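# What the coordinates show
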Amino acid sequence: MTKSFATRRALLRAGVALPLALATPLAHAAAQTIPMHRAPHAALPSILPAPHEIGDPTTRLNRPYGGTPIDVTTYHYDLNRTGWNPTETDLTPAAVASSNFGLLDTLKVDGNVLAQPLLVSGFVLPDNTTHDILIVATGHDSVYAFDAQTYAILWQVSLGTEQKYTDVGCGDVRPDYGISSTPVIVRTAANAATLYVVAATEPSSGQFVTTLHALNLATGADAKTPAVVAPSATLSDGSTVSFDPQNQWNRASLAYNNGSLYLPIGSHCDNNSGGITGWLLRYDSSLTLRNAFHTVETAGGTELASIWMTGFAPAIDASGNVFVVTGNGDFTRGKKDWGESVIKLPSNLKRVTTSFTVSNYGNLNNNDEDFGSGGVMLLPAVQGQTAPPLAVAMGKSSILYLLNQDSLGGLHKNDSGVLQSQSAGGGGLWGGPAYYNGPAGPTVFTQTDGDVLRAWSVATDATPALTNNISGTSPAGYGGSLPIVSSNAAQASTGVIWLIDRRNEPFSIEAYDAVQLGAPIFSATIGTWSNAGNGNPFLTPMQANGRVYAPGYKLVRVFGLTP
């Protein structure tokens, strides 16, 4: 007999990983009434020791990287959002499991670090010195540039006064909302790059402003006049819907491709749900708004259909098409209302070219089970592939969907339009998958609420499918995780999975052998979150050039090998 949803979630929160068959959500009557925003649950006490640095303090940062340094300029490394760095030579599973790997440094900053850190290697500053530059953006509306070898601060800028969560009226993030999405860097020369970043500010109490900046990476100064984010659109009844800077925010990461900058918009705690819509905005490099796509066109419903994806960035294919997932909100068959859907748009965002809407979208709305709590990842084509171009997506219902990028699946009973749908275990995903094409072939990794890390082999023949073949042993905290992968291409014994485990407080970083999974080969405390009882920092690490960066509250931990 299938367990009730409440019983399953209680077991998952207690750390019990359910069999896949017991993790499948129940069916409910379809309707479109959105309940109050569901609060998360608190983490459990950590059993890991307090963090401490390893090695000789005078030399621990002196180990040179053995490979060719790379830039990490966008969320999860590439436009497919694979989360895979295939250039790592030093951090093999054996090296990570050794006593020479551990905490090298702790970078102190002034707020929550929800954004993934970014990195530019071999950048020439105005004084003609060359540095690897690590970018960290905070919820206090600050941007830091660190030297990624010594971790000295090269520059720091403030983009305004952050929004207080008490004024916003949403306690998901405390104490403030500032920079919440991962910026994007566009590098044009050894000494020239622009950092695009969105800051939510409150210049005076109750005055809310969201601003897009283009910063000179060399100095942190604005390279262009900042643009206030303020789109509006006409709905089907002639009324106007506008961006609400108090009740909406840019949580999904920025994306850049061929001169276009894409900025998604979600909502705070589903507040003002009847008066807002999700947005996907396209700016040019001069910060001029060129196109504004809104996700709901029919007035009078619950609207919403936010694009938040727990920080995931829009995915972009080789032709420039943009893929996003929407959350709770209106869906109207035959109309331009796109709640609980994966949608594909051309680069100019003029129309939806193909979409997939979950068949029980009313049930998801009724239970705050956003499809859009997760992002969509495009799977790179492999040699000999006869399957169509593939994508995967999953949200709070823990159903893992394998999609055809060219024809996402529409709306059909039992989701019959998709290539495959199956339970991925656990109690839902607030995040997204990762991808690795290693010795075992193409593989997708997921970890949902209360469940272990799972590896899914990808069949790319005429009958494409995902099959769970191996799993880890350590259950996730609330909402699962956002894993990434590092390896030296497909070479054996080089693949490592990295993730942030939020089950315990303080929360921690874990590393797994990407081929074997099983128990973590490394784990260490990162730190506490600003509101530990909320349990939802939803963070992703970043790995590059022999080091791993794990963000937290007022800090970034740096892990690597000692000399």
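Data block above holds the structure.
Now for a description of the structure that goes with this document. (Residues numbered from 1 in each chain as written. Predicted model: local features only at pLDDT ≥ 70, side-chain atom pairs only at ≥ 80, totals over all residues. Heavy atoms only, no water.)

So, on to the pattern of salt bridges. Applying the stated criterion across every chain yields a total of eight salt bridges. Its salt-bridge partner being D71, residue R187 comes within 3.0 Å of it at the nearest N-O pair. Here the residue R187 occupies a position in strand β10 (residues 184–189), and D71 occupies one in the loop between β1 (44–45) and β2 (84–85), the gap between them amounting to 116 residues. For D71, a relative accessible area of 32% corresponds to the partly exposed category. For K396, the salt bridge goes to D370, with nearest N and O atoms at 3.0 Å. With K396 in the loop between β28 (390–393) and β29 (399–404) and D370 in the loop between α4 (361–366) and β27 (376–379), this residue pair connects regions lying 26 residues apart in the sequence. The exposure class assigned to D370 is buried, which follows from its relative accessible area of 5%. Beyond isolated ion pairs, a larger network of salt bridges with shared partners links D368, D370 and K396. (Salt bridge = Lys/Arg side-chain N within 4 Å of Asp/Glu carboxyl O. Helix = DSSP H or I, 4+ residues; strand = E, 2+ residues; numbered from the N terminus. Buried < 20%, exposed > 50% of the residue type's maximum accessible area, 1.4 Å probe, protein only.)

A few words now on the layout of surface pockets. Gaps left between atoms are located by rolling a probe of water-molecule size over the structure's atoms. Size it by volume and the second largest pocket reaches roughly 240 Å³. If you go around the second largest pocket, the residues you meet are N291, A292, F293, H294, E297, K336, W338, N348, L349, K350, R351 and V352. In terms of residue class, the lining of the second largest pocket is made up of five nonpolar, three polar and four charged. (1 Å grid on protein atoms, 1.4 Å probe; cavity = no way out; pocket = protein on both sides within 12 Å on 5 of 7 lines; lining within 4 Å. Points joined across faces, edges and corners; volume = space filled by probe spheres on them. Nonpolar A, V, L, I, M, F, W, Y, C, P; charged D, E, K, R; others polar.)

Let us now look at the sheet that holds β27. Here we have four strands laid out as an open sheet, ordered β27-β28-β29-β30, and antiparallel in their pairing. Among the strands making up the open sheet, the edge pair consists of β27 and β30 (420–423). For this sheet the average axis-to-axis angle between neighbouring strands, irrespective of direction, equals 20°. (Pairing = 2+ DSSP bridges. Axes fitted to C-alpha atoms, helices over the stretch in contact; angles between N-to-C directions.)

Another aspect to go through is the packing of aromatic side chains. Enumeration over the complete set of coordinates arrives at 18 aromatic pairs. Here a set of aromatic residues connected by ring pairs shows up, and it is made of F101, W498, F522 and F559. (Phe/Tyr/Trp six-rings, centres within 6.5 Å; stacked < 30°, edge-to-face > 60°.)

Now for the state of the cysteines. Considering all chains together, one arrives at one disulfide under this definition. The side chain of C170 participates in a disulfide bridge whose partner is C269; the two sulfur atoms lie 2.1 Å from each other. Here C170 and C269 share a disulfide; its torsion about the S-S bond, 70°, makes the bridge right-handed. With a gap of 99 residues between them, C170 in the loop between α3 (165–168) and β9 (176–177) and C269 in the loop between β18 (260–267) and β19 (279–284) connect regions that are remote in the sequence. (Disulfide = S-S within 2.5 Å.)

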